[in-house]
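One letter stands for each residue in the lines below.
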Amino acid sequence: MSQTDREIIIEGVDTRELYGVNDAYIEQIKALHPKLKIIARGSTLRVLGSQADIDDFEHKMKGLIAYYNRYGHISREVVAQSFSRGFSREEQPADNNVIVYGNNGAIIRARTVNQQRLVELYDSCDLLFATGPAGSGKTYTAIALAVRALRDKQVKRVILTRPAVEAGEKLGFLPGDLKDKLDPYLQPLYDALNDMIPPLKLQKYMEDGTVQIAPLAYMRGRTLDNAFVILDEAQNTTISQIKMFLTRMGRNAKFIVTGDVTQIDLPRRNDSGLTRAMKIVEGIRGIGFVEFDKRDIVRHELVKHIVDAFDRDADGTGVKSPDKENND
């Protein structure tokens, strides 16, 4: 039988992720195709064997790459499954609550009623407001939707922004340039992205501008086309700042605004523009609202009790009334 020599170019994925640590996955792939001679050199695979075997190999290799681009991870089990029956590019997760697959196969899903509500409204609204207490998953769910939109090529870039407002601490004395001083405000956004995008790919996205994380002031003057944009901690914006942000929306853009009106860090609480802005745009078609509550809190169980305790102390005295103590 005649032998065919073919070069297959790997595109759309970092080969270090695809081949595995110490080439573990490419060695597994070679073992699964004993009739082929496979030589991996950077982004090129040289494959020698019968044309039929190479065609089958190339089809399954493309399926593995498509799987990685959709779900963001590869494992030995995934490689074995890919080269036994193959993955179709249209393959979807069975769980309808799954938003996106994160690193190492982690499943990022809508875990509460209001998280699911946010996911559902995303399909019909280009601008969403998600408000509620700490730990309810507002921002995390929004970032998961953004990562999914990027992977599915619904948008070309993801932009995450926050107002640079100090929450009681003074960070201006810290060493470093402007980015070094501002990064502490933006760290929660980095943390969420690190759960959902492989480190090497995230680094590449950050370098080429596919993923941008910046203070709100950097949004001024921009028109954000083909972008998924999230404004986090919006309770710390003034009405003029939030107007500036909302009017950045360009063509084929999705905007999500998240905030917790109980955690305003502005010098004067009445300067917060989030609630006022929501009232102003209420009733405009294409804008949706989701109000998260304590039932949505998905952090440590104690967080729910902490939120309850602070709600009971709304007057700021730190002393519970006798009636409220009896209800605990």
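Look up a bit, the structure's there.
The structure reproduced in this document is the subject of the present report. (Residues numbered from 1 in each chain as written. Predicted model: local features only at pLDDT ≥ 70, side-chain atom pairs only at ≥ 80, totals over all residues. Heavy atoms only, no water.)

Here we come to the pattern of salt bridges. Counted under the stated rule, the structure contains twelve salt bridges. For Arg46, the salt bridge goes to Asp5, with nearest N and O atoms at 2.6 Å. One end of the pair, Arg46, is in strand S3 (residues 44-49); the other, Asp5, is in strand S1 (residues 4-9), and 41 residues separate them in sequence. Look at Asp5 and you get partly exposed, because its relative accessible area is 43%. Across the salt bridge formed by Asp126 and Lys254, the nearest N and O atoms sit 3.3 Å from each other. Here Lys254 lies in strand S10 (residues 254-259) and Asp126 lies in the loop between helix H5 (113-122) and strand S6 (127-131), a separation of 128 residues in the sequence. (Salt bridge = Lys/Arg side-chain N within 4 Å of Asp/Glu carboxyl O. Helix = DSSP H or I, 4+ residues; strand = E, 2+ residues; numbered from the N terminus. Buried < 20%, exposed > 50% of the residue type's maximum accessible area, 1.4 Å probe, protein only.)

Pairing within the open sheet is antiparallel, and its three strands lie in the order S1-S3-S2. The outermost strands of the open sheet, each flanked by one partner alone, are S1 and strand S2 (37-41). Each strand of the sheet is rotated relative to its neighbour by a mean of 15°, with strand direction disregarded. As judged from the six bridges shared by S1 and S3, these two strands associate in the antiparallel manner. The partner of Thr4 across the bridge, within S3, is Gly49. (Pairing = 2+ DSSP bridges. Axes fitted to C-alpha atoms, helices over the stretch in contact; angles between N-to-C directions.)

With that settled, the discussion passes to the packing of H5 against helix H6 (residues 138-151). As a packed pair, H5 and H6 sit with axes 10 Å apart at the nearest point and diverge in direction by 35°. Once H5 is placed against H6, the crossing between them reads as right-handed. In this structure, H5 contributes Gln115, Leu118, Val119 and Tyr122 to the contact, and H6 contributes Lys138, Thr141, Ala142, Leu145, Arg148 and Ala149. Looking at the contact of H5 with H6, its residues break down into six nonpolar, two polar and two charged. (Left-handed = near helix turned anticlockwise from the far one by under 90°. Contact = heavy atoms within 4.5 Å. Nonpolar A, V, L, I, M, F, W, Y, C, P; charged D, E, K, R; others polar.)

Ranked by internal contacts, the top residues of the largest apolar core, which has 38 residues, are Ile143, Leu145, Leu160, Leu193, Met196, Phe228 and Ile230. Non-local contacts of Leu193, meaning those with residues more than four positions away in its chain, are made with Ile143, Val147, Leu160, Leu202, Val211 and Ile213. (Core = buried A, V, L, I, M, F, W, Y, C linked by side-chain atoms within 4.5 Å.)

Even without a glycine there, the phi angle at Asp23 is positive, about 60°. Considering the arrangement of structural elements, one finds Asp23 in the loop between helix H1 (15-19) and helix H2 (24-32). At Glu233, a position not held by glycine, the phi torsion is positive, near 55°. Of note, Glu233 is situated in the loop between strand S9 (227-231) and helix H9 (239-246).

Looking now at the sheet that holds S10. The strand order across the open sheet formed by six strands is S8-S7-S9-S10-S6-S11, and the pairing between neighbours is parallel. The outermost strands of the open sheet, each flanked by one partner alone, are strand S8 (211-215) and strand S11 (287-291). The mean angle between the axes of side-by-side strands here comes to 15°, regardless of whether they run parallel or antiparallel. Relative to S9, strand S7 (residues 157-162) runs parallel, the two sharing five bridges. Counterpart to Arg157 in the pairing with S9 is Ala227. Strand contacts of helix H10 (residues 274-281): S6, S10 and S11, with the helix running at about 140° to S6, the strand carrying the most contacts.

Below, the discussion takes up the packing of H2 against helix H4 (residues 76-84). Axis separation between H2 and H4 bottoms out at 10 Å; the angle between their running directions is 30°. Overall, the two elements H2 and H4 adopt an arrangement that is roughly parallel. Relative to H4, the crossing made by H2 is right-handed. Where H2 abuts H4, its residues Ala24, Tyr25, Gln28, Ile29 and Leu32 lie against Arg76, Val79, Ala80 and Phe83. (Parallel < 35°, antiparallel > 145°, perpendicular 65-115°, else oblique.)

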